[in-house]
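# Structural features, examined
What follows is each chain in one-letter form.
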Amino acid sequence: NVVISPTNNTFTATLQKGFYDDFSLDFNWTIANTASKGLWERGEPLGTDFNGDQANPETDVNSDCSDKAYVTGNTGTSFSDDDLDNGITQLISPMMNLAALGEPHLTYYSWFYNASAQAQDMNDNMRVRVFNGVTTVDLENITIANTTQSQWLSKSFKLSDFTAVTTTMQFIFEANDASPGHIVEAGID
């Protein structure tokens, strides 16, 4: 609600210190895998469904500046095209100096879908972890028992509640398809 006119042509804004990444640009996140398929991919999500439920997201979070996110798999239209299989895929952030930011928070949207055509207990998960250069700690462990399927969920964690905040911080998003295999889809934005 600022009007810029010939007599008032200056505007000053103060931005909060921090890091922002909506994945529109490639800031060198890395991917490590033991899984055979369904690995993390950066791009515009291609939705899939399983028995009428949205398994992989159709779009990224609509409140950011781009149409990109990281999702597991992103190559087809069937849940079997994108399904994470036989292991783990990790998405690892670039190193960040967060020590001078006061009380930094990690804020993100996550997507986790887990289903089975059989009546087996599902044992798959997505872990969100922080590494401070010395120690790795879990911020959350998402399972089908503690999340709602088929939607982006907003999360925020005050990092000092979990670990010492340092100049060498990294975030790890890890999706896991444990044996026996199930339908596993994950996303981060």
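Below: a short report on this structure.

Calculation criteria
- Residues numbered from 1 in each chain as written.
- Predicted model: local features only at pLDDT ≥ 70, side-chain atom pairs only at ≥ 80, totals over all residues.
- Heavy atoms only, no water.
- Helix = DSSP H or I, 4+ residues; strand = E, 2+ residues; numbered from the N terminus.
- Buried < 20%, exposed > 50% of the residue type's maximum accessible area, 1.4 Å probe, protein only.
- Contact = heavy atoms within 4.5 Å.
- Salt bridge = Lys/Arg side-chain N within 4 Å of Asp/Glu carboxyl O.

### So, the environment of K158
In this fold, K158 is placed in strand β10 (residues 153-158). On the basis of relative accessible area, K158 is assigned to the partly exposed category, the value being 30%. C-alpha separation for the pair K158 and A32, spaced 126 residues apart in sequence, amounts to 26 Å. Beyond its immediate sequence surroundings of up to four residues, K158 is in contact with E103, P104 and H105.

### Some remarks on the pattern of salt bridges
Going through the model one piece at a time under the given rule, you end up with 7 salt bridges. In this structure, E103 engages K158 in a salt bridge whose closest nitrogen and oxygen atoms are separated by 4.0 Å. Highlighted residues: E103 in the loop between β6 (87-92) and β7 (105-115) and K158 in strand β10, separated in sequence by 55 residues. The closest approach of N and O atoms between R129 and E174, which form a salt bridge, is 3.0 Å. Taken together, the residues span a long stretch of sequence, with R129 in strand β8 (residues 125-131) and E174 in strand β11 (residues 170-177) at a distance of 45 residues.

### Here's the deal with unusual backbone geometry
In most cases, non-glycine residues show a negative phi, while peptide bonds are predominantly trans. Here S179 and P180 are connected by a cis peptide whose omega angle stands at -5°. Checked against the element boundaries, P180 lands in the loop between β11 and β12 (183-188). The backbone of N28 sits at a positive phi, close to 65°, despite the residue not being glycine. Positionally, N28 belongs in the segment before β1 (30-33).

Nothing here speaks to function; it is all geometry.
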